[in-house]
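Here is how the chains run, residue by residue.
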Protein chains: 2
Amino acid sequence: MKKLRPDLTSEDNADMPIEPTDFESGLGEDDLIDLRIWLRLLTCTNLIERRIRKNLGKKFDTTLPRFDVLAQLDRTSDGQPMRELSKRLMVTKGNITSLVDRLEEDGLVDRQTSPRDRRVQNIQLTKNGQTAVTKMIPEHNAWLTDIMAGLDRNAAMDLHALLGELKKSILLNQDEDI
Amino acid sequence: MKKLRPDLTSEDNADMPIEPTDFESGLGEDDLIDLRIWLRLLTCTNLIERRIRKNLGKKFDTTLPRFDVLAQLDRTSDGQPMRELSKRLMVTKGNITSLVDRLEEDGLVDRQTSPRDRRVQNIQLTKNGQTAVTKMIPEHNAWLTDIMAGLDRNAAMDLHALLGELKKSILLNQDEDI
């Protein structure tokens, strides 16, 4: 079994605070770069998501999916239809519907007829929902700033741009959308 | 509601095949770069994961968590203890245990006493499991190559390195590990 124990004197680990065990464990330089990118992407996403989930629970006694809905609704002034919300949060309409139902029971969102199209129901933040998310968003952003503090600002801009290239590549090579 | 419809003449979208609706929708240049990186990371991870799930289902009638276990076991010659597998796949020990139980029922993995430590049970691929994953891995890699075909190889190396910087930053700034 290779790499189960940290070898802190090896060059590979010199800059790492610990030898982490994650999706990348057991991969080597000889593995495909696309696979190495994917497993590193997945590792970073998992690590950040885990931190945010934990912080949201501890600080606001809420969950990531609930926060995601509220934060997404905060980005438009007159709410969003269920279908749009489901696409923006990249989850199924069934999942988003049950989430929204529970947020509505808790008085954080409600449904209003769209001013643009009377056939469409928009999900909107209530006053309480707005108050709640207005407290959460700056904290959530501060966690991210903390998480990414080790990236200098040029590296951050480069990473954002390269992830943009990756996203373009994914979208160009897809056979179908959801 | 902004950005609900694609504006294909605008400069922003000139290079994009479509105006995608995802975690990044509604974000602008004025938003924190750390937040923009996070939501782009999450979007890319979701898009790739969705593609791989769909392909695994269509081509091998299997799921991503099952593939993840088999592919991870393929990286070591004498199996891995449950605890190590759970850390490598970044899921709870409870989740991994029920996955492994089902893979064992299907004859794809079994448990063997570790040659290194008689108190530890290693999860190992069976012959059938090895045959199955040996078919899946090259296909899985080919999907990733296809997904990332739009990234030139220098961009791919840079992206891998910058995700490494991000990972280091996440690990340096964490208050506790799982």
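Up top is the structure.
Conventions and cut-offs
Residues numbered from 1 in each chain as written. Chains lettered and ligands numbered in written order. Predicted model: local features only at pLDDT ≥ 70, side-chain atom pairs only at ≥ 80, totals over all residues. Pairing = 2+ DSSP bridges. Helix = DSSP H or I, 4+ residues; strand = E, 2+ residues; numbered from the N terminus. Contact = placed C-beta atoms within 7 Å. Axes fitted to C-alpha atoms, helices over the stretch in contact; angles between N-to-C directions. Buried ≥ 20, exposed ≤ 12 C-beta atoms within 10 Å, placed from the backbone. Least-squares fit on C-alpha atoms with pLDDT ≥ 70 in both. Nonpolar A, V, L, I, M, F, W, Y, C, P; charged D, E, K, R; others polar. Expected span 1.5 Å × (residues − 1). Arc of directions from axis to C-beta. Parallel < 35°, antiparallel > 145°, perpendicular 65-115°, else oblique. Left-handed = near helix turned anticlockwise from the far one by under 90°.

Across a sheet, strands are paired by hydrogen bonds formed along the backbone, either parallel or antiparallel in direction. All names here are of chain A. Strands sit in the order β1-β3-β2 across an open sheet of 3 strands; the sheet is antiparallel. The open sheet has two free edges, formed respectively by β1 (80-81) and β2 (109-113), since each of these has just one partner strand. Pairing of β2 with strand β3 (residues 121-125) involves 5 bridges; the strand directions are antiparallel. Its bridge partner being in β3, Thr113 is matched across the sheet by Gln121. Lying over the sheet, helix α2 (residues 64-73) contacts β1, β2 and β3, oriented at roughly 100° with respect to β3.

Residues and elements named next belong to chain A. Tracing the chain through its elements places Ala71 in helix α2. A residue is classified by how many C-beta atoms lie within 10 Å of it, and Ala71, with 18 of them, is partly exposed. Spatially, the C-alpha atoms of Ala71 and Asn46 are 20 Å apart, while their sequence positions differ by 25 residues. Beyond its immediate sequence surroundings of up to four residues, Ala71 is in contact with Val133 and Ile137.

Right, let's talk about the pairing of strand β3 (residues 121-125) of chain B for a bit. A regular strand places its side chains so that they alternate between the two faces of the sheet. Note that strand β1 (residues 80-81) of chain B and β3(B) share 2 bridges and pair antiparallel. By the bridge assignment, Gln80(B) is partnered in β3(B) with Ile123(B).

Moving on, we come to unusual backbone geometry. For Asp61(A), which is not glycine, the phi dihedral falls at a positive 50°. Here Asp61(A) lies in the loop between α1 (33-60) and α2.

As a further point, take the relation of the copies chain A and chain B. Expressed as a screw transformation, the operator carrying chain A onto chain B has a rotation angle of 180° and an axial translation of 0.0 Å, and the superposed copies differ by an RMSD of 0.0 Å. Such a combination of rotation and displacement between the chain copies is what one expects of a two-fold axis. Scanning chain A for the C-alpha nearest the rotation axis identifies Leu159(A), at a separation of 3.3 Å. In this assembly, 100% of the residues forming the interface of chain A have copies in chain B that are likewise at the interface, indicating an isologous arrangement.

The subject of this paragraph is the interface of chain A and chain B. Contacts between chain A and chain B engage 66 residues on the former and 66 residues on the latter. Elements that contribute at least two residues to the side of chain A that touches chain B include exactly α1, α3 (82-88), α5 (127-147) and α6 (153-172) of chain A. Per-element tally for the side of chain A that touches chain B: the top contributor is α6(A), with 17 residues. The class makeup of the residues in the side of chain A that touches chain B is 33 nonpolar, 16 polar and 17 charged.

Let's shift gears to helix α4 (residues 93-105) of chain B. Residues and elements named next belong to chain B. Under the 1.5 Å per step criterion, the end-to-end length of α4 is 18 Å for 13 residues, consistent within 8% with the ideal 18 Å. Within the sequence span of α4, burial applies to Ile96, Leu99, Val100 and Leu103. Buried residues in α4, looked at end-on, bunch into an arc of 100°, giving them a common side. Away from its buried face by more than 90 degrees, α4 exposes Gly94, Ser98, Asp101 and Glu105.

Now for the sheet that holds strand β2 (residues 109-113) of chain B. Residue and element names in this part refer to chain B. Strands sit in the order β1-β3-β2 across an open sheet of 3 strands; the sheet is antiparallel. Strands with a single pairing partner mark the edges of an open sheet, and in this sheet they are β1 and β2. Contacts from helix α2 (residues 64-73) reach β1, β2 and β3, with the element oriented near 100° to β3.

Turning our eyes to something else, we now look at the packing of α1(A) against helix α6 (residues 153-172) of chain B. Between α1(A) and α6(B), the least distance of the axes is 10 Å, while the angle of their chain directions is 25°. Classified by the angle their axes make, α1(A) and α6(B) are roughly parallel. The chirality of how α1(A) crosses α6(B) is left-handed. Touching Ile33(A), Asp34(A), Arg36(A), Ile37(A), Arg40(A), Leu41(A), Thr43(A), Cys44(A), Leu47(A) and Ile48(A) of α1(A) are Ala156(B), Met157(B), Leu159(B), His160(B), Leu163(B), Gly164(B), Leu166(B), Lys167(B) and Ile170(B), all from α6(B). The residue inventory of the contact of α1(A) with α6(B), partitioned by class, reads 12 nonpolar, 3 polar and 4 charged.

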